[in-house]
Amino acid sequence: LFSKYYFKKGGLGDKDMVGIPVDMVREGNVNIDDRDIAQFLMEKGIKPSVHRIKIYKYLVEKHNHPTVDIIYNELSESFPTLSKTTIYNTSYLFAR
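What you are looking at is a predicted structure, and each value in this text was computed from that prediction instead of being measured.

Student: Account for the packing of helix H4 (residues 68-75) against helix H5 (residues 84-95), naming residues and giving values.
Tutor: Relative orientation of the contacting elements H4 and H5 amounts to 120 degrees, with a least axis distance of 9 Å. Put simply, H4 runs oblique to H5. Handedness of the crossing formed by H4 with H5: right-handed. In this structure, H4 contributes Val68, Asp69, Ile71 and Tyr72 to the contact, and H5 contributes Lys84, Ile87 and Tyr88.

Student: Summarise the packing of aromatic side chains; cite the residues concerned and give the values.
Tutor: If you walk through the whole model with that rule in mind, you get 2 aromatic pairs. Judged by centre distance (5.9 Å) and plane angle (40 degrees), the rings of Phe40 and Tyr56 are tilted. Of this pair, Phe40 sits in helix H2 (residues 34-43) while Tyr56 sits in helix H3 (residues 50-61), and the two are 16 residues apart along the sequence. With a relative accessible area of 3%, Phe40 lands in the buried category. Taken together, the ring pairs connect Phe40, Tyr56 and Phe94 into an aromatic cluster.

Student: Pulling in residues and values, what's your account of the nonpolar core?
Tutor: Among the nonpolar cores identified, the biggest contains 19 residues, and Leu41, Ile55, Tyr56 and Phe94 are the most heavily contacted of them. If you list the elements that add at least two residues to this core, you get H2, H3, H4 and H5. With 6 residues, the top contributor of residues to this core is H3.

Student: Give me the lowdown on H5, citing residues and values where you can.
Tutor: The first and last C-alpha atoms of H5 sit 16 Å apart over 12 residues, in line with the 16 Å expected at 1.5 Å per residue. On the buried face of H5, the contacting elements are H2, H3 and H4.

Student: Before we move on, could you go through the environment of Ile53 and cite the residues and values that matter?
Tutor: Looking at the element boundaries, Ile53 is found in helix H3. Residue Ile53 is classed as buried on the basis of its relative accessible area of 10%. Expressed as a C-alpha distance, the spacing of Ile53 and Ile37, which sit 16 residues apart in the sequence, is 6.3 Å. With residues near it in sequence (within four places) discarded, Ile53 still touches Asp34, Ile37, Ala38, Leu41 and Pro48.

Rules behind the numbers
Residues numbered from 1 in each chain as written. Predicted model: local features only at pLDDT ≥ 70, side-chain atom pairs only at ≥ 80, totals over all residues. Heavy atoms only, no water. Axes fitted to C-alpha atoms, helices over the stretch in contact; angles between N-to-C directions. Helix = DSSP H or I, 4+ residues; strand = E, 2+ residues; numbered from the N terminus. Parallel < 35°, antiparallel > 145°, perpendicular 65-115°, else oblique. Left-handed = near helix turned anticlockwise from the far one by under 90°. Contact = heavy atoms within 4.5 Å. Phe/Tyr/Trp six-rings, centres within 6.5 Å; stacked < 30°, edge-to-face > 60°. Buried < 20%, exposed > 50% of the residue type's maximum accessible area, 1.4 Å probe, protein only. Core = buried A, V, L, I, M, F, W, Y, C linked by side-chain atoms within 4.5 Å. Expected span 1.5 Å × (residues − 1).

This is the structure we're talking about:
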């Protein structure tokens, strides 16, 4: 799927998330297909729900250090069933 990854555990910054391809971060090219994200999550033993895919995609595509509130405000309009609890739990799962 991707050749190189950051495996640093920690915050929600674009270089801190497990699985972000190093070459994509360096080049600023982080437009990843949902199917690729789903496949990647499955390879890591994470069930690829719609919310998890969209949260992962948001974190990869944005070059900021978003809070849960920022992610919620950005995604909740498109996904009204998304909750802040889901974002907290998903970010914790990704950081493990």
